[in-house]
Amino acid sequence: MPADWKRFGDLLTNLLWQIKDAGGPAIEDLQEIIGQTLGKRGGASIAKWRQGQPVARQQDVEGLVQALADLAQDAGLARESLRPDLRTLLTLADHSHPDLVLPALAQPAPAQQPPRSAKPAGRTDWGRSSDVARFVGRELELVQLRRILQTDRSRLCGVFGLGGVGKTFLTKKATLGVAPLFDATQWVLLQDGPPLDEVLTKCIHFLSDYRDTDLPATTAGRIDRLLTYFRQQRCLLIFDKLEAVMRPGKPAGYFRDVYAAYGDLIQAVAETEHQSCLIVVSRERPRDMARWESPSARVESLSLKGIGVADAQVILEGSQLAGSHADWEALVAHYAGNPLMLKLAAAPIRDLYAGQLADFLTSQRFAFEDVNDLLDQHVVRLSASEQDVIHWLALERTALSLDYLADHLLPRQPINDVWTTLSSLLRRHLVEKDAAGFFLQDIVLEYVTDRLVRTLGDEIMKGQVDYFRRLPLLNATAREYKRLGQERFIVAPLAESLRQAWPQRGMVRHLTCLLYTSPSPRDRTRSRMPSSA
């Protein structure tokens, strides 16, 4: 692929920070050392490369990679631990043979100076965290997260985003790099919903090097004991999949009743003075996060978006997909750059469309079963009011303003609750917002539309009319492009499913009966199906 000097510069900066924070020289000194190694006049060239200026000679890229490996070793980092990043650096520079350069890194260069003193590595317990040996891209996000942990020394850090977007991978990659700065690092997976007392016991035992076994009987006492260790030493604690202890069927960010103490712990970490950091990784943002969040309060978060085309191509390398750059851009856009969704879609594209992206894109069907399963995990947690909002967004198929949604959701939702509902959906990362209003990403729009059509069909066949009365399946006054979309993606599939269930006359008679037994004239008008259906 062509050289990407901006990402090259971001990754170079990230590597320099890793070396510095492991006990190496200051950034300016590192630039000076590398510049002298490459025969440059000081570190000015390296500073320019960090800003995205091209490296003119291939041998300079090779020398840079070798110098980084040597400096990392001097600072106490294993040379092999930097190997994936150094290979990415070579690839971003469009090096012709990166795999020929990397083997030389396994053997240290002859020492030209005594090793620099490095901070002793802290104790680590990575638990059931992911293997990130094949981590790709995210240079900017890595720099941001490491800044939050290193420079800002945040007490509480959140990493949030839709399922499959790469929150866990990014957090593991970033914390691997900063772990030497902490006295103890522990990864706790909450996927199975462990009680907080159990988690606190595990953490206190680890942080005390298994010497503190006489723990307080109460949860509050154990939280205080954990904070004591947070003050005595610099600890890094990661809670992965926090959404597992949050309450489904209600607005986002509330903990289940039996897990309410997790909220107490997070509040204590955010509001109490200490030198440690708790990272929470979650599909849902805790409700109080916005209240605490500010760099001055040492509480920060990172909302993770999708990846770009170049990273997607690397992740899907070997999937036998073929297409133009425009095809790749369309594929990535439809799945909002979600790495897991792209991986899940790759096999059906290969098997059903012979790997041809153009043919797959022409079909305009992107929500495969595995992708639907991933989105099911989000939608099943929604409250009734949140489901109403995403259904309206799917029906209108365009960005909607707060006023529009408030007007059309009345009287089912009090107007004061509409903003609460939208805020909850934003915390779940299912709804996006821009200057035009609130909208669904393409893949979420297709998923919600298909789900709504199935729900409407089941409801009608059972003689129920809740959604059928409340939702306008076709807006005759809408602009033509919107009306045609409603006909194609909602009315036509629904009508086809009903035709398969009933003969034509039976369908018309059944629908007419449903329409005229609706208790609300206003609802009856809104839900009326076109006679041509």
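Residues numbered from 1 in each chain as written. Predicted model: local features only at pLDDT ≥ 70, side-chain atom pairs only at ≥ 80, totals over all residues. Heavy atoms only, no water.

Caption draft 1: Structural detail: the pairing of strand β4 (residues 235-240). Within β4, six of the six residues are buried, which leaves it mostly tucked inside the rest of the structure. Here β4 pairs with strand β5 (residues 277-282) via five bridges, running parallel. Note that in β5 the partner of D240 across the bridge is V281. The parallel pair β4 and β5 is bridged by helix α11 (residues 260-271), and the resulting crossover is right-handed. (Buried < 20%, exposed > 50% of the residue type's maximum accessible area, 1.4 Å probe, protein only. Helix = DSSP H or I, 4+ residues; strand = E, 2+ residues; numbered from the N terminus. Pairing = 2+ DSSP bridges. Right-handed = clockwise from strand over helix to strand, strands pointing away.)

Caption draft 2: Looking closely at helix α8 (residues 167-178). Over its 12 residues, α8 runs 17 Å from end to end, which matches the ideal 16 Å to within 8%, given 1.5 Å per residue. Counted residue by residue, α8 has 10 buried out of 12 residues, so it is predominantly covered. Within α8, burial applies to K167, T168, L170, T171, K172, K173, A174, T175, G177 and V178. (Expected span 1.5 Å × (residues − 1).)

Caption draft 3: A look at unusual backbone geometry. Even without being a glycine, R138 presents a positive backbone phi close to 60 degrees. Locating R138 in the fold gives a position in the loop between β1 (123-125) and α7 (139-151). Exposure remark for R138: the relative accessible area of 6% places this residue in the buried category. The phi dihedral of A336 falls on the positive side, at around 55 degrees, and the residue is not glycine. Relative to the elements of secondary structure, A336 occurs in the loop between α14 (325-334) and α15 (339-353).

Caption draft 4: Summary view of the sheet that holds β5. With respect to topology, six strands assemble into an open sheet ordered β1-β3-β4-β5-β2-β6, the strand pairing being parallel. A strand with exactly one partner marks an edge of an open sheet, and here the two such strands are β1 and β6 (299-303). Neighbour-to-neighbour, the strand axes of the sheet open up by a mean angle of 10 degrees, direction not taken into account. Set on the sheet, helix α9 (residues 196-207) makes contact with β1, β3 (184-189) and β4; between it and β3 the angle comes to about 160 degrees. (Axes fitted to C-alpha atoms, helices over the stretch in contact; angles between N-to-C directions. Contact = heavy atoms within 4.5 Å.)

Caption draft 5: Structural context of the pattern of salt bridges. One pass over the full model with this rule turns up 26 salt bridges. One salt bridge connects D85 with K173, and the closest N-O pair in it is separated by 3.6 Å. You can see D85 sitting in helix α5 (residues 83-92) and its partner K173 sitting in helix α8, a full 88 residues away along the chain. When sorted by exposure, D85 lands in the same class as K173, which is buried. In this structure, the salt-bridge partner of D288 is R291, at a minimum N-O distance of 3.6 Å. Classification of D288 as partly exposed rests on a relative accessible area of 22%. For R291, a relative accessible area of 53% puts it in the exposed group. Each member of the salt-bridge network shares a partner with another, and the members are D4, R7, E139 and D311. (Salt bridge = Lys/Arg side-chain N within 4 Å of Asp/Glu carboxyl O.)

These values are about where atoms sit, not about what they do.
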